[in-house]
Amino acid sequence: MLESYVTPILMSYVNRYIKNLKPSDLQLSLWGGDVVLSKLELKLDVLEQELKLPFTFLSGHIHELRIHVPWTKLGSEPVVITINTMECILKLKDGAQQEDHESCGSSSTNRSTTESMKSAVKPRRVQQSASPDPDLPPGYVQSLIRRVVNNVNIVINNLILKYVEDDIVLSVNITSAECYTVDEFWDRAFMDISATDLVLRKMINFSDCTVCLDKRNASGKIEFYQEPLLYKCSFRTRLHFTYDNLNSKMPSIIKIHTLVESLKLSISDQQLPMFIRIMQLGIALYYGEIGNFKDGENEDLICHTKDMLGNITGTEDETNSVMQYPTQYINQDPYLHQDDDQQQGWVSWAWSFVPAIVSYDDEENDSSGVDDGITLHQQKSQSLKDPIISVGFYCTKATVTFKLTEMQAESSYYSPQKVKSKEVICWEQEGTTVEVLMKGEVFFDCQIGFVGCQAMCLKGIMGIKDFEENMNRSDEEAYFFNCGENLSAKGMTYLTNSLFDYRSPENNSIRAEFILDAAHHKETYTEIAGMQRFGAFYMDYLYTMESTSGKVSGNQQDLSSVKSEDFGNIQEMSTKSLIVGPLTLRLDSSAVHRIMKMIVCALEHEYEPYSRTKPDIMDGNRTLPTSEEVASLEEYIPTRLTTFTVLKCTIIIPVAEFNLLDHLMPIIMGEKNLSGLLNAVSFQPLRPLPSIRILVDKVNLEHSVPMYAEQLVHMVSSLGQPSDNLLHYCYSHCYLKIFGFQAALTSLDSKGLYCFPVPVIPSFSTALYGKLIKFPKYWIKRAHVPLTECIFELPNLTVQATRAQTLLLQTIYQSWCHPVGNASSVVVNEALLNEVFQTSGVKSKNPLPTLEGSIQNVELKYCGTSLVKCASGTVGSIKICAKAPGDVGKEKLIPLIQGPSDTRDLHSSKWLNESRKPESLLAPDLVAFTIQIPQYMDYCHNSAGIVQVAVTRVCFLE
């Protein structure tokens, strides 16, 4: 009968994760069609073993479990599993890295653990592959079981997850979560895959998700409950699985996309340090600084790589060849630096939500006891081919509000205190996209972008009621940051090719195609393409692994098919591109004080770091690399390249309407705040409001660093005369380029409009380059190797201002740099403003004299070695002159300082009235200097510094 096939499958899952369960009672209840189990305890050790998380379960229980099996309609109605109130409490594992180090050091322990895990799984496989009933054909049984498994509905009511660490209590409460099968229109249906449609679709609806972040005291109790970070947020997830054939155990393409219509986060000043701590935990887990890979020692890396290769190939003998694998290629990327057990743990955890096509071929092969490692390797490479996985998160509109809290006592003396919060700053974001595309270990890509964002001031700050409701200030004044476009104008581009896009291939019954080649990826996802899709921000992180021998890439074969001796030919590449679209930032008093207050709140509670930087330890017994290893390094060295680009940036710095930075800056600088308490003060906006407006056409920052710096430096520094190419990769390089930088004075009137800007610094461009050697202690005795090097280039810079403009610049500077300790507004002379900003359309009868200074062809260099520090530079030309009104409306040029200059006609009046430029680009520089300062080492005493300056033909006039 069907019960003999379906019942063991359900019993195996229930009995595996629940304690003290009698299989006989469960079996009798299942045959009746309904099972109700109450007050169940979860098997925490099994959960930890399968999830492979760096967390340990403190407790886990289920209040009620219901299973409904429609035996009479098993081929048309789903099996429904309902969980009512499930609660789990987790914490970070203690000493996880020591446990993993011990397990890594003992291969026999690993084998015994693996065997025990396999033996624990075997009973379920035996039950699944029970002898078929002679009354039912095997093909029908297999098809029916597949339909049942593919259409199981899972409902969880009141899911509670808690994470505790130090004084942090993070809790997630989901009122309802339901997973069910859908059709091609994403409507609930009873579906199955077929030869013509090898696709399975699932939907998960999450209702009323609430996330709380509270602080507990030393006894573990929460004294004051904070407002939730996220309150009653609902979202839905679409899952799309594509199979190659009916007998596939795992899909070839997996798409899991989540859409949130509205996401409202609220963070208080007490929650901010804890929130940053949680973010640091996620980063530490991503980079492997917690758990398995925290130590990061070379021996552990080799041991871990041996485990990984051994699990891939299925034989332990082949792992010995990893010792011949070049050290610089031992992988440290977090998603690659996992052993097979851990990968299988994550896969089994994620795959528990994904119904696989039932096939018993692998189980039969496992029970037959195949001992040939090569045969097992071939079987794994064929049956466990890495699928293409696409994970996406999409949010239509998100807001993050920062609040300041204060304790408020009730009227009664014995009444408990309550926490009162006040909103001070809000971040709004539209059209957010987070997409991850991966294929095994050879391809990983993460793209993040959003269409538009803006930030605004709310209420008051530090006793200044600048944006209270009674102030009647416009929204334009409250918004101090704006970037990108509105979602209504941009459209739904952030959902392009997602499962929520009706134009996507999956929603039109077309098999999706993915770009898994690095060169093709860079050609497709360019800076222009990212800005066209989003507009405000776009990030693309790409990691690929290729083999020069077999050309392993995401489009071809798995890493598991690469022979162990070919791992030395693997080339890794990591690039990260970040682009920020046109933005406007107004740094007025309200915005600056709110930002500084957030920084102060973030620094009020410091936690111990998850990992500390290891001190540089010199290895006295270093072995010289072989010629083959050096040749391999010369051919290719993996690096991490990061580029950051800002397009069309506008920054406005008004005069400080109030300045209380003396209460904030000491805390930020690590000092105690000696200022007194602040009292609420009435505030009136200053209009007109003089400001400095800075425009930048483009800012480009590039940073490159070797992927495995310690191993690379360890090897290159042991060479007698390393090549320039090898030395180049031993540095971290940084390039900064600024294009079209200009500054002007402007003023904001009472109508919220800025007057026509008065230029102070015309447009110019500049560049800065710097490099810093990695692990400098390896290079102390290499006097010829620069430890630090910087180069600054400035082709041209001009500054011009009248006397009134200079006084106004001084007023703006003093308003920010000289805090008065209270909220008294800065008084700006009205006559000074009228002199600087003339009425538009009216020409001045008497133009004011202007002082102008320019400098050209500036190049500064700095270099530091273990013996000496050296600075040198050249200045091509310099000119300081005054422009005064002349005859017939022409400006009269009065040079004050100019050089280099031909002074042979200095006595003539014609020389004074001409505007001269350097004779030619080949003319000698105006100033050239060199400074050398020796470093006082144990073997270097009484060494004098050297200063050399050369000046060419400078003319001073009075």
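Residues numbered from 1 in each chain as written. Predicted model: local features only at pLDDT ≥ 70, side-chain atom pairs only at ≥ 80, totals over all residues. Heavy atoms only, no water.

1. Remarks on the packing of helix α7 (residues 271–286) against helix α16 (residues 589–603)
Note the cut-off: Note on geometry: axes are lines fitted to C-alpha atoms, helical ones only across the stretch in contact, with angles between N-to-C directions running from 0 to 180 degrees. Secondary structure counts use DSSP, requiring at least four H or I residues in a row for a helix and at least two E residues in a row for a strand, with both numbered from the N terminus. Each angle gets one of four labels, with under 35 degrees taken as roughly parallel, over 145 as roughly antiparallel, 65 to 115 as roughly perpendicular, and the rest as oblique. Only heavy atoms matter for contacts: two residues are in contact if any of them lie within 4.5 Å across the pair. Under the scheme applied, nonpolar residues are Ala, Val, Leu, Ile, Met, Phe, Trp, Tyr, Cys and Pro; charged residues are Asp, Glu, Lys and Arg; polar residues are all the others, including Gly.
Closest axis-to-axis distance for the α7/α16 pair is 7 Å, and the angle between their directions is 70 degrees. Viewed along their axes, α7 and α16 adopt a mutual orientation that is roughly perpendicular. Across from Leu272, Pro273 and Ile276 in α7, the residues of α16 making contact are Met598, Cys601 and Ala602. Among the residues forming the contact of α7 with α16, the class breakdown is six nonpolar, no polar and no charged.

2. Topic: the packing of aromatic side chains
Note the cut-off: Two rings belonging to Phe, Tyr or Trp (six-membered ring only in the last case) form a pair when the distance between their centres is within 6.5 Å. Interplanar angles under 30 degrees mark stacking, angles over 60 mark edge-to-face geometry, and anything in between is tilted. For every residue, the accessible area obtained with a 1.4 Å probe (protein chains only) is divided by the maximum for its type, and the residue is called buried under 20%, exposed over 50%, and partly exposed between those limits. Each ring is checked for a lysine NZ or an arginine CZ that lies within 6 Å of its centre and within 35 degrees of its normal; such an atom marks a charge sitting over the ring.
Taken as a whole and assessed by the stated rule, the structure comprises nine aromatic pairs. Aromatic side chains Phe206 and Phe235 sit 4.7 Å apart centroid to centroid with 25 degrees between the ring planes, which places their arrangement in the stacked category. Residue Phe206 is located in strand β6 (residues 199–215), and its partner Phe235 is located in strand β7 (residues 230–242); the two are separated by 29 residues in the primary sequence. Look at Phe450 and Phe537: their rings are 5.3 Å apart centre to centre, the planes differ by 20 degrees, and that puts the pair in the stacked class. Here the residue Phe450 occupies a position in strand β11 (residues 443–457), and Phe537 occupies one in strand β15 (residues 537–547), the gap between them amounting to 87 residues. As far as burial versus exposure is concerned, Phe450 and Phe537 are alike and both buried. Directly above the ring of Tyr180 sits Arg188, whose terminal nitrogen or CZ lies 3.8 Å from the centroid.

3. Thoughts on helix α3 (residues 44–51)
Worth spelling out the cut-off: Working note: the arc is built from the helix axis to C-beta atom directions.
Those residues of α3 lying buried are Leu44, Val46, Leu47, Glu50 and Leu51. All buried residues of α3 project into a common sector of 160 degrees when viewed along the axis, lining one side. Positive backbone phi, at 55 degrees, marks Lys52, one or two positions downstream of α3.

4. Remarks on the pattern of salt bridges
The line we're drawing: One speaks of a salt bridge when a side-chain nitrogen belonging to Lys or Arg is within 4 Å of a carboxyl oxygen belonging to Asp or Glu.
Taken as a whole and judged by the stated rule, the model has 24 salt bridges. Of the charged contacts, one joins Asp244 and Arg511 as a salt bridge, the two residues approaching to 3.3 Å between their closest N and O atoms. Of the two residues, Asp244 is situated in the loop between β7 and β8 (253–268) and Arg511 in the loop between α13 (487–490) and α14 (518–524); the sequence distance between them amounts to 267 residues. In this structure, Glu789 engages Lys771 in a salt bridge whose closest nitrogen and oxygen atoms are separated by 3.6 Å. Here Lys771 lies in strand β21 (residues 758–773) and Glu789 lies in strand β22 (residues 788–802), a separation of 18 residues in the sequence. Residues joined in a network through salt bridges with shared partners are Arg473, Glu477, Glu657 and Arg687.

5. Brief notes about a nonpolar patch on the surface
How we decide: For patch building, the residue pool is restricted to those with more than 30% relative accessible area and no salt bridge; the joining distance is 9 Å between like charges and 5 Å between nonpolar side chains (Val, Leu, Ile, Met, Phe, Trp, Tyr). Accessible areas in this description were obtained via Shrake-Rupley with a 1.4 Å probe; residue shielding takes into account the shown protein chains only.
Nonpolar side chains collect at one region of the surface, where Ile931, Ile933, Val947, Val949 and Val951 lie side by side and expose about 450 Å² of accessible area between them. Counting residues per element, the nonpolar patch draws most heavily on strand β27 (residues 946–951), at three residues. Take Ile931: it is sitting in strand β26 (residues 927–934).

6. Points about the nonpolar core
This is how it is decided: The term nonpolar core refers to a set of buried residues drawn from Ala, Val, Leu, Ile, Met, Phe, Trp, Tyr and Cys, joined through side-chain atoms within 4.5 Å.
Leu65, Ile67 and Leu745 are the most contacted members of the largest nonpolar core, which has 146 residues in total. No other element matches β11, which puts seven residues into this core. Among residues more than four places away in sequence, those in contact with Leu745 are Ser691, Ile692, Phe756, Pro757, Val758, Val760, Gln805, Leu808, Leu809, Ile812, Val836 and Phe837. In terms of nonpolar packing, the next biggest core, distinct from the first, is built from 17 residues, Val630, Leu719, Leu727 and Trp779 among them.

7. Here we look at unusual backbone geometry
Phi is mostly negative for residues that are not glycine, and the peptide bonds are mostly trans. Pro688 follows Arg687 through a cis peptide bond whose omega is -5 degrees. Relative to the assigned elements, Pro688 resides in the loop between α18 (665–668) and β19 (689–706). Phi is positive for Asp208, close to 55 degrees, though the residue is something other than glycine. As for its placement among the helices and strands, Asp208 is situated in strand β6.

8. A short note on the pairing of strand β18 (residues 639–654)
Here is the rule: A strand pair is defined by DSSP finding two or more bridges across the two strands.
Relative to β18, strand β16 (residues 570–580) runs parallel, the two sharing seven bridges. If you follow Ser574 over to β18, its bridge partner there is Arg640. With four bridges joining them, strand β17 (residues 583–586) and β18 adopt parallel strand pairing. Across the sheet, the residue bridging to Arg586 is Ile652, located in β18. Sheet analysis places β18 next to β19, joined by 15 bridges and oriented antiparallel. When the sheet's bridge partners are listed, Arg640 is paired in β19 with Val705.

9. Re the confidence of the model for the protein
If pLDDT is low for a region, its predicted coordinates should not be looked at in detail. Our working rule: The predictor rates its confidence in each residue with pLDDT, a number between 0 and 100.
Scored by pLDDT, the protein comes out at a mean of 79, with 74% of its residues at no less than 70. Within the model, pLDDT remains below 50 along residues 96–136, and this stretch shows 41 contacts once partners closer than five positions in the same chain are excluded. Predicted confidence is poor over residues 292–383, with pLDDT under 50, and the contacts of this stretch with residues over four places away or in other chains come to 175 contacts.

10. Quick word on the environment of Leu787
Looking at the secondary structure, you find Leu787 in the loop between β21 and β22. Along the sequence, Leu787 and Ile773 sit 14 residues apart, while their C-alpha atoms lie 5.2 Å from each other. Sequence-distant contacts of Leu787, defined by excluding residues within four places in its chain, comprise Tyr731, Lys771, Leu772, Ile773, Trp779, Gly864, Thr865 and Ser866.

11. Thoughts on the pairing of β11
Walk down a regular strand and you will see the side chains alternate between the two sheet faces. Judged by how many residues are buried, β11 sits mostly within the fold: 13 of 15 residues are covered. Here strand β10 (residues 418–439) runs beside β11; their pairing, made up of 14 bridges, is antiparallel. Directly across from Thr433, in β11, lies its bridge partner Gly449. In this antiparallel pair of consecutive strands, β10 and β11, the connection spans three residues, and Gly440 shows a positive phi of 60 degrees. Relative to β15, β11 is paired through eight bridges, and the arrangement is antiparallel. Pairing of Gly449 across the sheet is with Tyr538, part of β15. Of the pairings in the sheet, the one linking β11 to strand β14 (residues 479–484) comprises five bridges and is antiparallel in character. By the bridge assignment, Met456 is partnered in β14 with Tyr479.

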